[in-house]
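Structural features, examined
Spelled out from the first residue to the last, the chains are:
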Amino acid sequence: MNGDAVRFESDHFKATAGCGARKQNLQLVFFDAQYPEPEWTADGLQSVESQTMSALERVEAAVERSGLELDDVLRTTVYTTDLDRIDAIESAYDAYFDARRPAMTVVGVSELPNDATVQIEATGVKR
């Protein structure tokens with residue numbers, strides 16, 4: 001590994017804080033996975049699309065707390081317990097991101113916290 005890349009942790013440990021890796025004048029910022037608010041997952045009554053929107057709102061809040069904008073998010077990883085509903089996840093992304101949608105990877109899992117059907121982690125860049 002060359003000497004101009006460093007990794008550091010946020011100075012306040014929270015699931016919504018980012019940690020970064022800096023190389024020259026760019027800094028990648030990694031955001032812990034965010035899942036929908038618990039009231040959006042109660043008894044699985046809320047749709048995958050609405051849970052995705054709720055998780056994206058939490059991602060946006062974490063991004064803004066780090067001093068970045070949603071346009072600075074380069075990629076996301078979506079964990080879902082319902083791979084048959086990828087179309088609903090993509091529909092939520094299309095509705096949430098206006099002009100520039102980040103790259104998205106979808107991973108199927110058997111279970112998520114709070115009985116959620118989606119959980120989203122993100123990577124952004126600080127310029």
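Everything numeric in this text was worked out from a predicted model, so none of it was measured. (Residues numbered from 1 in each chain as written. Predicted model: local features only at pLDDT ≥ 70, side-chain atom pairs only at ≥ 80, totals over all residues. Heavy atoms only, no water.)

Along its length, the protein chain carries two helices and six strands. Helices and strands appear in the protein chain in the N-to-C order β-β-β-α-β-α-β-β. Taken across its 127 residues, the protein chain has 37% of its residues classed as buried. In the protein chain, once contacts between residues fewer than 6 apart in sequence are set aside, the share between residues at least 24 apart is 68%. Total accessible area on the protein chain is roughly 7,400 Å²; 48% of this is exposed by carbon and sulfur atoms. (Helix = DSSP H or I, 4+ residues; strand = E, 2+ residues; numbered from the N terminus. Buried < 20%, exposed > 50% of the residue type's maximum accessible area, 1.4 Å probe, protein only. Contact = heavy atoms within 4.5 Å. Areas by Shrake-Rupley, 256 points an atom, 1.4 Å probe, with all protein chains shown as cover.)

A word on helix α1 (residues 48–65). The end-to-end C-alpha distance of α1 is 26 Å, a good match for the 26 Å that 18 residues give at a rise of 1.5 Å each. Turning to α1, its buried residues number three or more, namely Val48, Ser50, Gln51, Thr52, Ser54, Ala55, Leu56, Val59, Ala62 and Val63. On its buried face, α1 sits against β3 (26–34), β4 (73–80), α2 (86–96) and β6 (118–126). Note on α1: the residue one or two positions beyond its end, Gly67, has a positive phi of about 85 degrees. (Expected span 1.5 Å × (residues − 1).)

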